[in-house]
Amino acid sequence: MSFTHRGQRLLGPVNLRLTGCKRTLVMGPNGAGKSLLMRLAHGLLSATQGELHWEGRTPRQAMVFQRPVLLKRSALANLVYALAVNGTPRQKRKARAREALERFGLSHLERRPARVLSGGEQQRLALARAWLLDPEVLFLDEPTSALDPAAILAVESAVQEFHARGIRILMSSHDLHQARRLADEVLFLNAGRLIEHTDAATFFTAPASSEARAFIRGELVL
Ligand SMILES: Nc1ncnc2c1ncn2[C@@H]1O[C@H](COP(=O)(O)OP(=O)(O)OP(=O)(O)O)[C@@H](O)[C@H]1O
């Protein structure tokens, strides 16, 4: 796939096959095209050239963003609304929403307006909403970049839980430590090009490209 805007190619061509129920971390410097790749894969954007193919039917998917998109209503009502859109019968919505709030440690905040929750609480609410959608594939676009260490830990634990439940993870991150903790494999992008697609152990110990080596050493990649 490629994505071109006003004659400028911002991403691609990216030719890539993702398999297995892995945790794939999408890495690379600012502007590398990580978000574009995630949005194309999730179907929020259409490729200007090329196509995305799912093997078999298109899986159920959810996406968690850097800044959660929450409705101007309570935490509970945000989840109830997601269930309504999802077609869950009315009489089951509140109980299921409360279960999800409990799972993500938010029960005590159910009546609070979602938009006044702290950044970490909002992200947990977004994860609870994703959980309720029962996805087969979960996209997370830099979900921890605005969070403190405790909130980052909560998000990473949730990612591990999703993974343990058999959900395929595609997550972008700048954070090398986070990628080392979570990744089964890494997609490394730079300037709109896919530079490496490799298992995590190889990426961190013996990256093939000079760009990835510089990125891992913490040097500026231009
Ligand atoms: N919808 C769009 N229309 C036009 N340009 C876009 C669009 N989305 C992204 N871009 C541009 O494409 C490039 C890649 O953006 P992208 O958000 O994918 O980068 P990124 O790797 O996620 O960066 P960051 O780490 O800073 O979030 C940037 O130069 C950005 O300005």
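Residues numbered from 1 in each chain as written. Predicted model: local features only at pLDDT ≥ 70, side-chain atom pairs only at ≥ 80, totals over all residues. Heavy atoms only, no water.

### Description of helix H2 (residues 75–85)
One turn of the α-helix equals 3.6 residues, which is why residues spaced by three or four share an orientation.
Step number 1: Of the residues making up H2, those classed as buried are Ala75, Leu76, Asn78, Leu79, Val80, Ala82 and Leu83.
Step number 2: Buried residues belonging to H2 abut helix H3 (90–103) and helix H4 (119–132).
Step number 3: Note on H2: the residue one or two positions beyond its end, Gly87, has a positive phi of about 90°. (Buried < 20%, exposed > 50% of the residue type's maximum accessible area, 1.4 Å probe, protein only. Helix = DSSP H or I, 4+ residues; strand = E, 2+ residues; numbered from the N terminus. Contact = heavy atoms within 4.5 Å.)

### Remarks on the sheet that holds strand E3 (residues 23–27)
Step number 1: Strand order in the open sheet formed by 6 strands is E4-E5-E6-E3-E7-E8, and the pairing between neighbours is mixed. Because the sheet does not close on itself, it has two edges, and the strands there are strand E4 (61–64) and strand E8 (193–199). Along the sheet, successive strands turn relative to each other by an average axial angle of 15°, direction set aside.
Step number 2: Each of E3, E4, strand E5 (137–141), strand E6 (168–172) and strand E7 (185–190) touches helix H1 (residues 34–42); the most contacted strand, E5, lies at about 155° to it.
Step number 3: Against the sheet, helix H5 (residues 149–164) contacts E3, E5 and E6, and its axis sits at roughly 150° relative to E6. (Pairing = 2+ DSSP bridges. Axes fitted to C-alpha atoms, helices over the stretch in contact; angles between N-to-C directions.)

### With respect to the site of the ligand
Step number 1: Taken together, His5, Leu10, Pro29, Asn30, Gly31, Ala32, Gly33, Lys34, Ser35, Leu36, Glu142 and His174 make up all the residues around the ligand.
Step number 2: At a separation of 2.8 Å, an oxygen atom of the ligand approaches a polar backbone atom of Gly31.
Step number 3: At a separation of 3.1 Å, an oxygen atom of the ligand approaches a polar side-chain atom of Glu142.
Step number 4: Within the complex, the protein chains bury 62% of what would otherwise be the 640 Å² of accessible surface of the ligand.
Step number 5: Ranked by residues supplied to the shell around the ligand, first place goes to H1 with 3 residues.
Step number 6: Looking at the shell around the ligand, its residues break down into 4 nonpolar, 6 polar and 2 charged. (Near = heavy atom within 4 Å. Polar contact = N/O pair within 3.5 Å; in protein donor to acceptor, adjacent residues only side chain to side chain. Areas by Shrake-Rupley, 256 points an atom, 1.4 Å probe, with all protein chains shown as cover. Nonpolar A, V, L, I, M, F, W, Y, C, P; charged D, E, K, R; others polar.)

### Some thoughts on the pattern of salt bridges
Step number 1: According to the stated counting rule, one finds 13 salt bridges in the structure shown.
Step number 2: The salt bridge partner of Asp134 is Arg165, with a shortest N-O separation of 3.1 Å. One end of the pair, Asp134, is in the loop between H4 and E5; the other, Arg165, is in the loop between H5 and E6, with 31 residues separating them in the sequence.
Step number 3: Look at Arg165 and you get partly exposed, because its relative accessible area is 38%.
Step number 4: Linking Arg181 and Glu156 is a salt bridge whose minimum nitrogen-to-oxygen distance equals 2.7 Å. (Salt bridge = Lys/Arg side-chain N within 4 Å of Asp/Glu carboxyl O.)

### Some thoughts on the pairing of E7
Step number 1: Taken across its 6 residues, E7 has 6 buried, putting it largely inside the fold.
Step number 2: With burial as the criterion, each face of E7 is covered, one bearing Glu185, Leu187 and Leu189 and the other bearing Val186, Phe188 and Asn190.

### Considering the UniProt feature "domain: ABC transporter" (unreviewed entry) in the protein chain
Step number 1: Sequence positions flagged by UniProt for "domain: ABC transporter" (unreviewed entry) are, in local numbering, residues 1–216.
Step number 2: Taken as a whole, residues 1–216 contains 39% helix and 18% strand, while its terminal C-alpha atoms sit 26 Å from one another. (UniProt positions renumbered as here; feature names shortened; annotations may be inferred.)

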